[in-house]
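Architecture at a glance
Read off the chains here:
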Amino acid sequence: MRVGFVGLGVMGGPMAGHLARAGHEMRVFNRSPDKARAWAEAHGGHAAATVAEAAEGCALLALCVGNDDDVRAVVGEALPALASGAVIVDHTTTSAKLARAMAESAAAQGRSFLDAPVSGGQAGAENGQLSIMIGGEAAAVARAEPVIGAYAKAIKHMGGPGAGQLTKMVNQICIAGVVQGLAEAVAFAGKAGLDPTLVYEAVSKGAAQSWQMDNRWKTMSEQKFDFGFAVDWMRKDLGLVLDEARSNGARVEVTALVDQFYAEVQAMGGRRWDTSSLAARLQTR
């Protein structure tokens, strides 16, 4: 089908590439026009000059942009240009409030909006192995799933509008706590004079095992923090969590504390370091 894609960054670029390889007629837009042209040269398809041009006549439009304001602007421009009955699939991590508002706007114009944040990072996008959590109407999910399956290993419909974003918040709460625990463990092992490789071999097969341990223990021990998802983006996501928690009464004390630890990492110059850089602040003490 004709598919539009807005946002060709480290996540969106590879995701759109999977759609092109799946045989869809691609129309892409990026705020940096050179990036859209380079993508079109590499993958085929049309590099649009505007969001509306990218959305023109599309049965599905996927977004992977920055924040609530970006999504609001893109959806506002795209809706009138989309084919009747089209589905917008928003892979941006945003507030649940924004997702609900966009779903209402889309429905008013005879289209559907799905909040569909992803987990799996840059490697997941490149390998087509993302986990996607979706909020929205079941019929729209059924239409979108065969398309976005090109870059997903798992797709789960979580409920109505906003449910996908709320699930992503749960995901980020889990990651924040696990990464901080791992950072403390790495630092403790170093202070204790233990061999980090031997420690990993000893503890990684038991209850302490996690994806973060398997993929970041060694690099955290080596103080390497260039693995994709930046601290600036994590703080944006945790800000969404804290705002939602203030509304629903959830207690997220550890998450709030880790958010402040990430603020320390930013102050150290680590705004573009990846989330495992919580280990860096412990090396300065």
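Above: the structure in question.
Here goes a summary of the coordinates provided. (Residues numbered from 1 in each chain as written. Predicted model: local features only at pLDDT ≥ 70, side-chain atom pairs only at ≥ 80, totals over all residues. Heavy atoms only, no water.)

**Looking at unusual backbone geometry**
To keep things clear, this is the line we draw: Burial status follows relative accessibility: with a 1.4 Å probe on protein chains alone, a residue under 20% of its type maximum counts as buried, one over 50% as exposed, and anything between as partly exposed.
Notably, glutamine 223 is not glycine yet its phi reads approximately 60°, a positive angle. Using a relative accessible area of 32% as the deciding quantity, one classes glutamine 223 as partly exposed.

**Points about the pattern of salt bridges**
What counts is decided by this rule: Between Lys or Arg on one side and Asp or Glu on the other, a salt bridge is scored when a side-chain nitrogen of the former is within 4 Å of a carboxyl oxygen of the latter. Think of it this way: any DSSP run of H or I at least four residues long counts as a helix, any run of E at least two long counts as a strand, and we number them from the N terminus.
Scanning the entire structure with this criterion turns up 14 salt bridges. A salt bridge links arginine 2 to glutamate 25; its shortest N-O distance comes to 3.0 Å. A residue pair is termed long-range when its members are at least 10 positions apart, and arginine 2 in strand β1 (residues 2-6) and glutamate 25 in strand β2 (residues 25-29) qualify at 23 residues. Judged by its relative accessible area of 42%, glutamate 25 is partly exposed. Where salt bridges share partners, they join Lys97, Asp243 and Arg246 into one cluster.

**Remarks on helix α7 (residues 138-148)**
Where we set the bar: The directions considered for the arc run from the helix axis to the C-beta atoms.
The complete set of buried residues in α7 reads Ala140, Val141, Ala144, Val147 and Ile148. Down the axis of α7, the buried side of the element spans an arc of 120°, and every buried residue falls inside it. Exposed and oriented more than 90 degrees from the buried face of α7 are Ala138, Ala139 and Pro146.

Interpretation note: all reported values are geometric properties and have no functional meaning in isolation.
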